[in-house]
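Each chain is listed here by its residues.
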Amino acid sequence: MIRIPANRICMSAFPEQLLNGYRSFMSGRYAHETNRYRELARSGQSPETLIVACCDSRAAPETIFDAGPGELFVVRNVANLVPPYSPDGEYHSTSAALEFAVQSLKVKNIVVMGHGRCGGIRAALSPVAEPLSPGDFIGKWMSLVAPAAEDVSKNTMLTAAERQTALERISIRFSIANLRTFPCVSILEKKERLTLHGAWFDISTGELWIMNPETGDFERPEAE
Ligand SMILES: [Zn+2]
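Definitions and cut-offs
Residues numbered from 1 in each chain as written. Predicted model: local features only at pLDDT ≥ 70, side-chain atom pairs only at ≥ 80, totals over all residues. UniProt positions renumbered as here; feature names shortened; annotations may be inferred. Axes fitted to C-alpha atoms, helices over the stretch in contact; angles between N-to-C directions. Helix = DSSP H or I, 4+ residues; strand = E, 2+ residues; numbered from the N terminus. Parallel < 35°, antiparallel > 145°, perpendicular 65-115°, else oblique. Left-handed = near helix turned anticlockwise from the far one by under 90°. Contact = placed C-beta atoms within 7 Å. Nonpolar A, V, L, I, M, F, W, Y, C, P; charged D, E, K, R; others polar. Buried ≥ 20, exposed ≤ 12 C-beta atoms within 10 Å, placed from the backbone. Pairing = 2+ DSSP bridges.

- The protein appears in an unreviewed UniProt entry as Carbonic anhydrase from Mesorhizobium australicum.
- In its Catalytic activity (unreviewed entry) section, the UniProt record describing the protein reads: "hydrogencarbonate + H(+) = CO2 + H2O".
- Recorded in UniProt under Function (unreviewed entry), the annotation for the protein is "Reversible hydration of carbon dioxide."

The structure is reproduced here in structure tokens:
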């Protein structure tokens with residue numbers, strides 16, 4: 001039985017759906033994996049994989065990869081982009097997560113996972129759209145892939161949906177190339193202590209496409 005704290009005024013503003021989900025988690029997953037959580041709390045985390053994924057609520061890596069606590073170190077941002085290495089004293093949240101995962105956690109894999117129907121990618125393909133706010137943070141962020149978006153937009157042989165998928169996959173290769181601009185990544189990759197991967201998730205079908213590291217093409221994994 002989960003006890004709700006006494007401060008009802010504060011708690012009344014908290015979304016009921018989240019509270020229900022939390023109760024379900026405590027009686028389900030947490031109850032079944034209590035020892036695992038306690039061991040992780042005692043010994044710390046040691047995930048082997050960093051996943052760079054989109055903020056999109058339909059493409060949660062822990063769900064897609066059926067991962068338990070402590071298994072995945074996840075950084076999510078709009079359109080799962082990795083910016084280039086840029087030690088300029090500014091605020092770089094994705095680079096900070098990458099630095100921690102590689103240097104402190106010593107992950108063995110980095111997966112950049114894109115997905116279909118990505119709103120960030122759609123925004124990059126529609127640069128004339130009005131900014132959502134005066135800060136235009138999405139516009140600035142997505143300008144990372146503006147040159148690729150411009151090239152893709154010029155291809156009138158493709159449908160709008162095909163252009164979208166093309167840029168979603170191009171941006172994954174772009175992010176992997178940017179990962180290699182980080183000295184800590186490129187050094188460890190050359191020493192074969194770190195492997196970079198790309199993946200693309202189709203929300204509507206649930207299909208996961210894996211990037212072929214040799215060709216850059218996205219392929220369906222072999223059926224079990
Ligand atoms: Zn997205």
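**Some remarks on the packing of helix 9 (residues 146-154) against helix 10 (residues 160-179)**
Logical step 1: Running from N to C, helix 9 and helix 10 point in directions that differ by 150 degrees, and their axes come no closer than 10 Å. Considering the angle they form, helix 9 stands roughly antiparallel to helix 10. The chirality of how helix 9 crosses helix 10 is right-handed. Two secondary-structure elements touch here, helix 9 through Ala148, Ala149, Val152 and Ser153 and helix 10 through Arg163, Ala166, Leu167, Ile170, Ser171 and Phe174.
Logical step 2: Looking at the contact of helix 9 with helix 10, its residues break down into seven nonpolar, two polar and one charged.

**Observations concerning the pairing of strand 3 (residues 109-115)**
Logical step 1: Burial analysis of strand 3 places six of its seven residues in the buried class, which makes it a mostly covered element.
Logical step 2: Taken together, the five bridges between strand 1 (residues 49-54) and strand 3 define a ladder with parallel strand orientation. Within strand 3, the position partnered with Val52 by the bridge is Val112.
Logical step 3: Here strand 3 runs beside strand 4 (residues 195-201); their pairing, made up of seven bridges, is parallel. Bridge pairing links Val111 to His197 in strand 4.

**Some points on the environment of Thr94**
Logical step 1: Inspection of the secondary structure puts Thr94 in helix 6 (residues 93-104).
Logical step 2: The partly exposed category is assigned to Thr94, around which 18 C-beta atoms lie within 10 Å.
Logical step 3: The spatial distance from the C-alpha of Thr94 to the C-alpha of Ser143 is 16 Å, given a sequence separation of 49 residues.
Logical step 4: Apart from residues no more than four positions distant in its own chain, Thr94 is found in contact with Val75, Asn77, Val82 and Pro83.

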